[in-house]
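# Architecture and fold: a report
Here is what each chain is made of, one letter per residue.
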Amino acid sequence: FAAAVTLGLAYTLISRAHIRIEVVYVLLNAPSRIVLDLIAAIQAQKQYLSDIDGLIGDGDHGVNMNKGFTLAGEQLGREPGDLTHALGVLSKVLMMKIGGSMGPLYGSFFLAWSETLAPHPTLDGPLFDTAFTTAVAAVAEMRCVLGGGR
């Protein structure tokens, strides 16, 4: 299941395609591989991310994402934890260590996920929807504050 959610989220983030994920539930207080699997997906797709960014920008998106996600993976190797912890670490690393628009936007996305999931013992379909919607709204809010852009 973790791989399905991770790949679905990574695929959605990378391709902006709509996907369907069927979820029963995930225990949020258990050690989580979801973020580590997401990190691996970003690392595996770093060139593709840079290639598609190069069509509309400077082509550094994959490099920056790989750097941030790899740094988060290293920190999680030293400080493992549950899903909310891992999302929080990823968020903090992206916001603090990655410049440009990518760090704050993706950092805000994963921070909203972490904060939404924190009070809950399990992740089910409705909570997944709430967390995703909240995370997208956080990015939209950042985009408004930053004045739009690509």
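Summarised in this report is the structure supplied together with it. This one's a predicted model, so the numbers in the text were calculated from it and none came from an experiment. (Residues numbered from 1 in each chain as written. Predicted model: local features only at pLDDT ≥ 70, side-chain atom pairs only at ≥ 80, totals over all residues. Heavy atoms only, no water.)

With that settled, the discussion passes to the nonpolar core. Of all hydrophobic cores here, the largest spans 32 residues; its most connected members are Phe-69, Phe-110 and Leu-117. Listed by contribution, the elements that provide at least two residues to this core are α2 (34-44), α4 (61-78), α5 (83-97), α6 (102-117) and α7 (125-146). Excluding its chain neighbours within four sequence positions, the residues that come into contact with Leu-117 are Leu-28, Leu-83, Thr-84, Leu-87, Leu-123, Leu-127 and Ala-131. (Core = buried A, V, L, I, M, F, W, Y, C linked by side-chain atoms within 4.5 Å. Buried < 20%, exposed > 50% of the residue type's maximum accessible area, 1.4 Å probe, protein only. Helix = DSSP H or I, 4+ residues; strand = E, 2+ residues; numbered from the N terminus. Contact = heavy atoms within 4.5 Å.)

End to end, α6 covers 22 Å across 16 residues, agreeing with the expected 22 Å (1.5 Å per residue, within 8%). Burial analysis of α6 places 12 of its 16 residues in the buried class, which makes it a mostly covered element. (Expected span 1.5 Å × (residues − 1).)

For the rest of this paragraph, the subject is a nonpolar patch on the surface. On the surface, Met-95, Met-96 and Leu-111 cluster together into a nonpolar patch covering about 290 Å² of accessible area. Take Met-95: it is sitting in helix α5. Looking at Met-95, the relative accessible area reads 34%, which means it is partly exposed. (Patch = residues over 30% accessible without salt bridge, like charges linked within 9 Å, V, L, I, M, F, W, Y side chains within 5 Å. Areas by Shrake-Rupley, 256 points an atom, 1.4 Å probe, with all protein chains shown as cover. Salt bridge = Lys/Arg side-chain N within 4 Å of Asp/Glu carboxyl O.)

Right, let's get into the pattern of salt bridges. The final tally for this structure, using the stated rule, is 1 salt bridge. Its salt-bridge partner being Arg-33, residue Asp-37 comes within 3.2 Å of it at the nearest N-O pair.

What is shown is where atoms sit, not what they do.
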